[in-house]
Amino acid sequence: MASAPRPGEALPVWAGRAAIVERIREHDTVILVGETGSGKTTQVPQFLLDAGIVDKHGKHMVGITQPRRVAATSLARRVAAEMGCADPAMISPKAPSERPEYVGYSVRFDDRTNRNTRIKFLTDGMLIREILGPVDVPLAEGSPQKSKSKSGLLKRYSVLIIDEAHERSLRTDMLLGLVKQIQRERRRRADANEPGIVPLKLVIMSATIDAEVFARFFAPEPQAPVPILYVAGRQHVVRLFHTEESCQDWTDAAVRAVMQIHVSKALGDILVFATGQEEIESLSQSLQLFASQLEAWAAAEGREDVPALLVRPLYAALGPAASAAVFTPTPPHTRKVVLATNIAETSITIPGVKYVVDSGLVKEKVFSPQTGIETLQVLPVSQSSSVQRAGRAGREGPGECYRLYTKEAFQTLQKAPVPEIHRTELSGAALQLYAMGLDPFTFGWLDAPDAALLQEAVLHLAELGAIHTQAEHGAKVVRLTPLGRKLALLPITPSYARLLVAAAERGPAVARQARDLVSILSADRGVFVESHDAERREAAERARDVFVDPSGDHATMLNALYGYLAARAHAQQSHAGGVASAGAKHEVRMWCQTHAVHERTMRNVLAIRKQLMRICQQHGLACDDEERGKSGAAPAPADEAEGDDEALVVTKGGRAPVYEAGGEDYSALLQCLGLGRLSNTALRQPDGSFRRIAGGLSFKLHPACTLHPARHGARGTSAASVQAIVFEELVLTSQTFARNVSRIEPAWLQELVGASRA
């Protein structure tokens, strides 16, 4: 009797299973090209386990890198389900699963692996941190010196799969150069029969890769080419439709396109490519409003065949559970509309999609070495990205793609996207390379960045005090300072790391504030609800007035976090079963709605905060709540209620607490904010705008800022009292706006300038 087919056997990649396994067994490096939907990402790791290239009961793993966290977590959960393994999101040292735990994932601030893991999905950045290894410099004076060796050879991995290489993210480009070095070093040591060393096999995978470029890059010598394998996708015909004229408002055009498809086309899900989280939430509100009126409209039109409309968002800030809703089967007589960022272009396949609505836009960070500032900009996509987006409609059958731009506009688009290495700030990458003893100017990049970008990154590191120049053998070389090694150890940007170290020097209370602020700033979205509707926006602003600190956004966000912690603590004590009980969840949810606070974001912040608490404890950065925060437990998923009550503000039972701002003194924290960040400080100009200290760029405060001039009258303050500021980011739309802004004293700027020149 024939055995039941395995999940994934119908995918195109299975036709080439034997050839793929054979090539990987015979060669150190293989290039595998296959369209999204061919099954390469989910099936190839399983092929390796089945063929014994990675032994289920051995000590080595196969690692699969992804550019994005959502892809790493969702793919791990899917592969685990196919293999009958425990859900990686539920892996916890406290409660071992009864099912095998062969599949896990590791993303920033969330590691779901254990000693049983054999297939590990992780982001590019997490693998780079594993290469970086432990740094043998304690973060605080008097902390015990660590003597771990830093081999950087990734000995636990026998196979590494670098997936979605065509996206050319900064970390992917950096990772390609690093694993090439590691592979050659491990081959050299394995050939010398060094104990414990096995050769490292690399599989470079992509949907639209320029295979020859990667084959030449990894070839050990010109006479030994790297094999290239092609997997045929399951691409069906996709009809393309363009607008006759350019859209003035793409969000309005997208809503109209979705509703026209919904009431006139056969059943099939719709995928809308939007620019970012705010736009997705605005689209979702509009579509849900129309959906609520569908039944009445159908009755008036005499229609009985109009299906229900189910709206699902997909962007980086969503946790694993919320993202999983996108991949669940659509209910009968229902059409699912997925509102996604460019994450849905190639990293994942969403089943059921028959129609695509393409805005033709993408939101990207663009760094200018002339201004030293990274701005978030909405830009046209490339032609290759347009093709990828249209292809999402042809995964399971013939589909249709509606482009909200003209045919002529398509012809003007760039052929391919600009690699991130040519448009982003490089100080984090440079710091990590220096920590590994590598020079970013001579590093073996697949495509070397512009020298001006690297020079700006090095200047920023020098401004932070992370590097210095010294003479060695008659030449000047750049070396990490002790402070630089401290910063390299922390899994956050160099600027945030500098803030955390500086705050620890001011005392435990300031260290705790800085740790919590970094947790907030490291989340993928703001803690406050924002609305495009004027009436809702005003109501939300009134609701969160209780948190407002006169210094600005940083202290206001911290007040909101501490208010949320107090609400959770009260809910824990007021309900049997603690904070995980239904009554407690409802109380916390109502508190968030009352104060216009994003509950899911706050849970994400707490998960990040928990990891940073442990990092601070491990490295002697004393915080004044560390006794309540000691725990060895893995964090719960960021989008599920936790029963963990670490470091919560304790309150007595009774009514839910009413938060009152003013209990914290943030002056020392604000002084630390500007350290090493002159490019993010500015002075007020006579016309009310602000001009950067380190350059001539002028800008205004974003309307959502606590210090925006429109808010001062109601609070009895004056906009003129804000003479100097520090900000987190600039957003370029019709104008340039600063977001997450706080007021600082002009006298502090003089100290910062003096420190940067010292």
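Residues numbered from 1 in each chain as written. Predicted model: local features only at pLDDT ≥ 70, side-chain atom pairs only at ≥ 80, totals over all residues. Heavy atoms only, no water.

A look at the confidence of the model for the protein chain
Keep this limit in mind: On a range of 0 to 100, pLDDT expresses the predictor's confidence in each residue. Contact between two residues is taken to exist if any of their heavy atoms lie within 4.5 Å; hydrogens are not considered.
Residue-level pLDDT values for the protein chain average 85, and 89% of them are 70 or greater. This model gives residues 629-654 a pLDDT under 50, and the stretch forms 81 contacts once residues within four places in sequence are excluded.

Quick notes on the pairing of strand 5 (residues 119-123)
Using the following cut-off: Burial classification: accessible surface area is computed with a 1.4 Å probe over protein chains only, and a residue below 20% of its type maximum counts as buried, one above 50% as exposed, and the rest as partly exposed. Labels follow the DSSP assignment, with helices taken as runs of H or I lasting at least four residues and strands as runs of E lasting at least two, numbered in each case from the N terminus. Strands are labelled as partners when DSSP assigns at least two bridges between them.
With 5 of 5 residues buried, strand 5 lies mostly within the body of the structure. Alternating positions in strand 5 separate into two faces, Ile119, Phe121 and Thr123 on one and Lys120 and Leu122 on the other, with burial throughout. Across 5 bridges, the pairing between strand 2 (residues 61-66) and strand 5 is parallel. Its bridge partner being in strand 5, Ile64 is matched across the sheet by Phe121. Sheet topology places strand 3 (residues 103-107) next to strand 5; 4 bridges connect them, and they run parallel. Residue pairing in the sheet places Val103 in a bridge with Ile119 of strand 5.

Focus on the side chain of Thr29
Defined as follows: We define a polar contact as two N or O atoms separated by no more than 3.5 Å, with the added condition that, inside protein, one atom must be a possible hydrogen donor and the other a possible acceptor, whereas residues neighbouring each other in sequence contribute only through side-chain atom pairs.
Position of Thr29 relative to the elements: it lies in strand 1 (residues 29-34). Polar contacts involving the side chain of Thr29 include one to the side chain of Gln183, which spans 2.9 Å. Once you skip the residues sitting within four places of it in the chain, Thr29 turns out to touch Gln183, Leu202, Ile204, Phe218, Val226 and Pro227.

Digging into helix 2 (residues 40-50)
An α-helical segment advances 3.6 residues per turn. Residues three or four places apart therefore align on the same side. The element helix 2 is extensively covered by neighbouring structure, given that 10 of its 11 residues are classed as buried. When helix 2 is considered as a whole, its buried residues turn out to be Lys40, Thr41, Thr42, Gln43, Val44, Pro45, Gln46, Phe47, Leu48 and Leu49. Once helix 2 finishes, Gly52 follows within two positions and takes phi at roughly 80°, a positive value.

Some details on the packing of aromatic side chains
For any pair of aromatic rings, geometry is given as the distance between the ring centres together with the angle between the planes. We apply this condition: Note on aromatic pairs: the rings of Phe, Tyr and Trp (six-membered ring only in Trp) are paired at centre separations within 6.5 Å, and the planes decide the class, stacked below 30 degrees, edge-to-face beyond 60, tilted for the rest.
Scanning all chains against the criterion turns up 9 aromatic pairs. Between the aromatic rings of Phe699 and Phe727, the centroid separation amounts to 5.1 Å while the plane-to-plane angle is 65°, which identifies the pairing as edge-to-face. Of the two residues, Phe699 is situated in strand 21 (residues 698-701) and Phe727 in strand 22 (residues 724-732); the sequence distance between them amounts to 28 residues. Judged by its relative accessible area of 2%, Phe699 falls in the buried class.

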